[in-house]
Amino acid sequence: RVGDALDFWRAEVVDPGHLIRLQAEMKVPGLAWLQFEARPQKDGQTQLFQTAFFAPKGLWGLLYWYILYPIHKLIFSGMIRRIGERAETAQVEGYIK
């Protein structure tokens, strides 16, 4: 639900089954969001998109983003992969129709 906390993120937008946008509550030199969007495909499958948004504050914000980009890329790619694997497992086991 909007306003719920998840670790150091807070749900800002929730459209069940379609979109969730989380705003970062950790200390960063700027504002950060992480968004997940599920888009149904013509073949009956669903494609999941993950987008990280960052609005840097000043030079430190830009440096933070570009220095940590490779680490964030690893973290976020692993995260989306695990979410997909869990969704596929849940569907096979009958938790998701």
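Relevant structure appears above.
Read on for an overview of the structure. (Residues numbered from 1 in each chain as written. Predicted model: local features only at pLDDT ≥ 70, side-chain atom pairs only at ≥ 80, totals over all residues. Heavy atoms only, no water.)

This next bit is on the overall build of the protein. Secondary structure assignment for the protein yields one helix and five strands. Listing the helices and strands of the protein from first to last along the sequence gives β-β-β-β-β-α. Expressed as lengths along the three principal axes of its C-alpha atoms, the size of the protein is roughly 50 × 30 × 25 Å. Across the 97 residues of the protein, 19% fall into the buried class. By sequence separation, contacts in the protein at least 24 residues apart represent 23% of the contacts at least 6 residues apart. Counting every atom, the protein has about 7600 Å² of accessible surface; 59% of that belongs to carbon and sulfur. (Helix = DSSP H or I, 4+ residues; strand = E, 2+ residues; numbered from the N terminus. Buried < 20%, exposed > 50% of the residue type's maximum accessible area, 1.4 Å probe, protein only. Contact = heavy atoms within 4.5 Å. Areas by Shrake-Rupley, 256 points an atom, 1.4 Å probe, with all protein chains shown as cover.)

Moving on, we get to helix α1 (residues 58-92). Because the α-helix completes a turn every 3.6 residues, residues three or four places apart line up on one side. The first and last C-alpha atoms of α1 sit 47 Å apart over 35 residues, in line with the 51 Å expected at 1.5 Å per residue. What α1 keeps buried is the set G61, H72, F76, G78 and A90. Of the residues trailing α1, G94 is marked for its positive phi of about 90°. (Expected span 1.5 Å × (residues − 1).)

This brings us to the sheet that holds strand β2 (residues 9-15). Strand order in the open sheet made by the five strands is β1-β2-β3-β4-β5, with antiparallel pairing throughout. Of all the strands in the sheet, just β1 (5-6) and β5 (46-56) have a single pairing partner and so form its edges. Examined bridge by bridge, β2 and strand β3 (residues 19-24) share six bridges and lie antiparallel to one another. Within β3, the position partnered with R10 by the bridge is Q23. Contacting β4 (30-40) and β5, α1 runs over the sheet at an angle of about 165° to β5. (Pairing = 2+ DSSP bridges. Axes fitted to C-alpha atoms, helices over the stretch in contact; angles between N-to-C directions.)

Let us now look at the packing of aromatic side chains. With the rule as written, the count across this model stands at four aromatic pairs. Summarising the aromatic geometry, the rings of F8 and W9 are spaced 6.1 Å apart at their centres and angled 35° between planes, so their arrangement reads as tilted. Owing to a relative accessible area of 13%, W9 belongs among the buried residues under this scheme. Where F54 meets Y64, the ring centres are 5.4 Å apart and the plane angle is 40°; that geometry is what we call tilted. With F54 in strand β5 and Y64 in helix α1, this residue pair connects regions lying 10 residues apart in the sequence. F54 sits in the buried class, given a relative accessible area of 16%. According to the relative accessible area criterion, Y64 is partly exposed, its value standing at 22%. (Phe/Tyr/Trp six-rings, centres within 6.5 Å; stacked < 30°, edge-to-face > 60°.)

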